[in-house]
Amino acid sequence: MDDLASLLEGRYGPGIKERTEADTPLNPTLQSILNHRSCRSYLDRSVDDDLLEILLACAQSAPAKSNLQQYSIVVVRDTDRRARVAELVPGLSPWFEKAPVFLAFLGDVRRIRRLAEIRGHDYANNNADTFMNAAVDAALAMQNFIVAAESAGLGTCPISMIRNRIDEFAEILNLPDGVFPIAGLTLGWPDWGGMLSVRLPQSIVVHFETYDDDALNAEIDPHDDRAHERKPIKPGSQRHTDRYGVLEKCTWSENATRQLSEPERSQFAAFLKSKGIELK
Ligand SMILES: Cc1cc2nc3c(=O)[nH]c(=O)nc-3n(C[C@H](O)[C@H](O)[C@H](O)COP(=O)(O)O)c2cc1C
């Protein structure tokens, strides 16, 4: 069902807010965005070049800081190259390889540096702000791509796990200085509807006028219950069970805090440095 009440219940779980249909007009874009789900199961069917070109134009239609467009996208269709990337993320097999297209969304501060040389200007912005702008530009382009792809009936899944072995990934795609991956993205035709993942309630995430997180303590348990009811976290998906054990009810907040109790990808700063990116 694609009426507003069902879509919001899909997104937040049951009982968040009573709504009547008259409240807000829905359109296909809102419906599609509210129905978003990452796709980890693909049909054996290719994505044609014309459609891909439109999706890429949608990606490039995203806003970009000062219109500097400090990002690049690498499209990987070649089976061997996709297999080499798949080897870096064995936990995602076999669905990862089945997606007919893999895209890498990259922050790219190289292009402007090259243009500075071509135009004969100094380049004085190798710093944290530029890194942030490039990462945001790349993320917005990726999100526009996802929205466009889903509106066309395609499925996608962002893949930050490619950053687990970032040096090898950079080598496979021949990434030069000034270019860094924010995430990969699988693209293909979904072979099942997927499941909506419950989001935190607006009472936790959205603040009016000033920041105020007083509601967190009271709101997190009900959120955890709604998320658990939708999709319990199975033992195999519970984080660091060697340290914390397996729980019958491992909630979203339990698992998220378990995850971040150990450092992840601490090699990233060194990778950026190796690509000549400063975070001053
Ligand atoms: C930057 C980013 C990186 C992600 N990396 C991975 C990944 O490496 N593997 C994976 O299976 N999903 C990955 N995801 C997908 C998230 O797990 C997914 O978006 C989240 O669980 C919410 O589910 P939904 O997208 O279906 O709503 C990533 C998402 C984002 C935005």
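Right above here is the structure, for reference.
Along every chain, residues carry numbers that run from 1 in the direction the sequence is written. Selection of residues for local features in this predicted model requires a pLDDT of at least 70, selection of side-chain atom pairs for listing and counting requires 80 or more, and totals for whole chains, interfaces and linings are taken over all residues.

**Student:** Teacher, can you tell me more about the overall build of the protein here?
**Tutor:** Here a strand is any run of E in DSSP of at least two residues, a helix any run of H or I of at least four, and the numbering for each starts at the N terminus. Tallying secondary structure elements over the protein gives 13 helices and 4 strands in all. The size measure is the radius of gyration over C-alpha atoms, and the globule rule it meets is 2.2 Å times the number of residues to the 0.38 power. Here the C-alpha atoms of the protein give a radius of gyration of 21 Å, agreeing with the 19 Å that 2.2 N^0.38 yields for 280 residues. Seen along its three principal axes, the alpha-carbon backbone of the protein occupies a region of about 60 × 45 × 45 Å. Buried, partly exposed and exposed are defined by the number of other C-beta atoms within 10 Å of a residue's own C-beta, namely 20 or more, between the two limits, and 12 or fewer respectively, with C-beta atoms placed from the backbone. Counting every position in the protein, which comprises 280 residues, the buried fraction comes to 24%.

**Student:** Would you explain the sheet that holds strand 1 (residues 71-76) in this entry?
**Tutor:** Note on sheets: strands pair through backbone hydrogen bonds, and any given pair is parallel or antiparallel. If you walk across this open sheet you meet the 4 strands as 1-2-4-3, and the pairing is antiparallel. Looking at strand neighbours, the two that pair on one side only are strand 1 and strand 3 (155-159), the edges of this open sheet. Ignoring strand direction, the axes of neighbouring strands in this sheet form an average angle of 25 degrees. Relative to strand 4 (residues 179-188), strand 3 runs antiparallel, the two being bridged by 5 bridges. Of the residues in strand 4, the one forming a bridge with Thr-156 is Leu-187. Two strands qualify as a pair provided DSSP detects at least 2 bridges between them. Fitting a line to C-alpha atoms yields each axis, with helices limited to the stretch in contact; the angle taken between N-to-C directions then spans 0 to 180 degrees.

**Student:** Teacher, can you tell me more about the site of the ligand here?
**Tutor:** Within the structure, the ligand sits among His-36, Arg-37, Ser-38, Cys-157, Pro-158, Ile-159, Ser-160, Met-161, Ala-183 and Ser-197. By residue number, the principal contributor to the shell around the ligand is strand 3, which donates 3 residues. Split into classes, the residues belonging to the shell around the ligand amount to 5 nonpolar, 4 polar and 1 charged. Whether a residue is near a molecule or strand depends on its C-beta atom, placed from the backbone, lying within 6 Å of it. In the scheme used here, Gly and all other residues not listed as nonpolar or charged are polar, with Ala, Val, Leu, Ile, Met, Phe, Trp, Tyr, Cys and Pro taken as nonpolar and Asp, Glu, Lys and Arg as charged.

**Student:** What should I look at first to understand helix 10 (residues 216-230) in this one?
**Tutor:** Quick reminder: α-helices carry 3.6 residues per turn. Residues three or four places apart thus point the same way. Take the number of residues in a helix, subtract one, and multiply by 1.5 Å to get its expected span. Its 15 residues give helix 10 an end-to-end C-alpha distance of 21 Å, which sits within 8% of 21 Å, the value for a rise of 1.5 Å per residue. Those residues of helix 10 that fall on the buried side of the exposure criterion are His-223, Asp-224, Arg-226 and Ala-227. An end-on view of helix 10 places all buried positions within 165 degrees of arc, on one side of the element. Across from the buried face of helix 10, at angles greater than 90 degrees, the exposed residues are Asn-217, Ala-218, Asp-221 and Glu-229. In this description, a residue-residue contact is defined by the distance between C-beta atoms placed from the backbone, which must lie within 7 Å. Close packing links the buried residues of helix 10 with helix 1 (4-12) and helix 12 (252-259). For this quantity, the arc is that covered by the directions from the helix axis to the C-beta atoms.

**Student:** What exactly am I supposed to notice about the nonpolar core here?
**Tutor:** As a rule of thumb, nonpolar side chains are buried together in soluble globular proteins. By our criterion, buried Ala, Val, Leu, Ile, Met, Phe, Trp, Tyr and Cys residues that link up through C-beta atoms within 7 Å make up a nonpolar core. Core analysis: the biggest nonpolar cluster contains 40 residues, and Phe-105, Leu-106, Ala-138 and Phe-145 have the highest contact counts within it. Where this core is concerned, the elements lending two or more residues are helix 3 (49-60), strand 2 (101-108), helix 7 (128-151), strand 3, helix 8 (166-172) and strand 4. The leading source of residues in this core is helix 7, at 9 residues. Discounting chain neighbours no more than four positions away, the residues touching Phe-105 are Tyr-71, Ile-73, Ala-138, Ala-141, Met-142, Ile-182, Ala-183 and Leu-185.

**Student:** Mind showing me how you'd approach the environment of Ser-160 here?
**Tutor:** Mapped onto the fold, Ser-160 is located in the loop between strand 3 and helix 8. The sequence separation of Ser-160 and Gly-184 amounts to 24 residues, and the corresponding C-alpha distance is 6.3 Å.

**Student:** Help me understand the pairing of strand 4, please; the structure alone is not making it clear to me.
**Tutor:** On any regular strand, side chains alternate: one points to one face of the sheet, the next to the other face. For strand 4, the buried fraction is high: 9 of the 10 residues fall into the buried class. Sheet topology places strand 2 next to strand 4; 8 bridges connect them, and they run antiparallel. Among the inter-strand pairings, Phe-105 is bridged to a residue of strand 4, identified as Ala-183.

**Student:** Sorry, what's going on with the environment of Asp-191 here?
**Tutor:** For Asp-191, the position within the fold is in the loop between strand 4 and helix 9 (202-205). A sequence separation of 36 residues divides Asp-191 from Gly-155, and the C-alpha atoms of the two residues are 9.0 Å apart. Setting aside chain neighbours within four positions, we find Asp-191 in contact with Ser-41, Tyr-42 and Leu-43.

**Student:** So what exactly am I meant to see when it comes to the packing of helix 3 against helix 7 here?
**Tutor:** Think of two packed helices as two axes; the pair is described by the angle between the axes and how far apart they sit. Interhelical geometry of helix 3 versus helix 7 gives an angle of 140 degrees and a closest axis separation of 7 Å. Here helix 3 lies oblique to helix 7, going by the angle between them. Between helix 3 and helix 7 lies a crossing whose hand is right-handed. Here Leu-55, Cys-58, Ala-59 and Gln-60 of helix 3 lie close against helix 7, whose contacting residues are Ala-141, Asn-144, Phe-145, Ala-148 and Ala-149. Residue composition of the contact of helix 3 with helix 7, grouped by class: 7 nonpolar, 2 polar and no charged. Orientation labels follow simple angle bins: below 35 degrees gives roughly parallel, above 145 gives roughly antiparallel, 65 to 115 gives roughly perpendicular, and whatever is left gives oblique. With the far helix as reference, a near helix turned anticlockwise by less than a right angle produces a left-handed crossing, and one turned clockwise produces a right-handed crossing.

**Student:** For this particular structure, what's the right way to read unusual backbone geometry?
**Tutor:** A negative phi angle is the norm for most residues apart from glycine, just as the trans form is the norm for most peptide bonds. Cis geometry marks the peptide bond from Ser-93 to Pro-94, where omega comes out at 5 degrees. By secondary structure assignment, the location of Pro-94 is in the loop between helix 4 (79-88) and helix 5 (95-98). Notably, Gln-69 is not glycine yet its phi reads approximately 55 degrees, a positive angle. Relative to the elements of secondary structure, Gln-69 occurs in the loop between helix 3 and strand 1.

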